[in-house]
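Chain by chain, the residues:
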Amino acid sequence: MGKPKKATRIEVTWLDSCSADGVHYWQPMSDLRTDPLTITTRGFLLKETKKAVVIAASIADGGAPGGVLTIPKIAITGRTEV
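Now for a description of the structure that goes with this document. As the structure is a computational prediction, the values presented were derived from the model and not from experiment.

Definitions and limits used
Residues numbered from 1 in each chain as written. Predicted model: local features only at pLDDT ≥ 70, side-chain atom pairs only at ≥ 80, totals over all residues. Heavy atoms only, no water. Pairing = 2+ DSSP bridges. Helix = DSSP H or I, 4+ residues; strand = E, 2+ residues; numbered from the N terminus. Axes fitted to C-alpha atoms, helices over the stretch in contact; angles between N-to-C directions.

The subject of this paragraph is the sheet that holds strand β4 (residues 65-72). Judged by pairing direction, the sheet is antiparallel, and its 5 strands sit side by side in the order β4-β3-β2-β1-β5 without closing on themselves. The two strands at the open ends of the sheet, each matched to only one other strand, are β4 and β5 (76-81). Taking the axes of each pair of neighbouring strands and ignoring which way they run, one obtains an average angle of 40° across the sheet. The pairing of strand β1 (residues 8-16) with strand β2 (residues 37-48) spans 9 bridges and is antiparallel. Bridge assignment links W14 to a residue of β2, and that residue is I39.

Structural data, given as structure tokens:
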């Protein structure tokens, strides 16, 4: 297996959709969640387009990515190279 090319490591903070806490379908109005969750993801930048970034949590010796996540840029609130 070949060695993977050097991938840029980044940390992205982004807003995620969420549901109310708990496992029940019906819930009291007081349990409604009005703010999205703020998520921080750290990994290897695989690809970037005008609309999204694609990040892998891991990269194997041969270069195969694992734990791949696509994050829409519209949801990103912060980004740094690490």
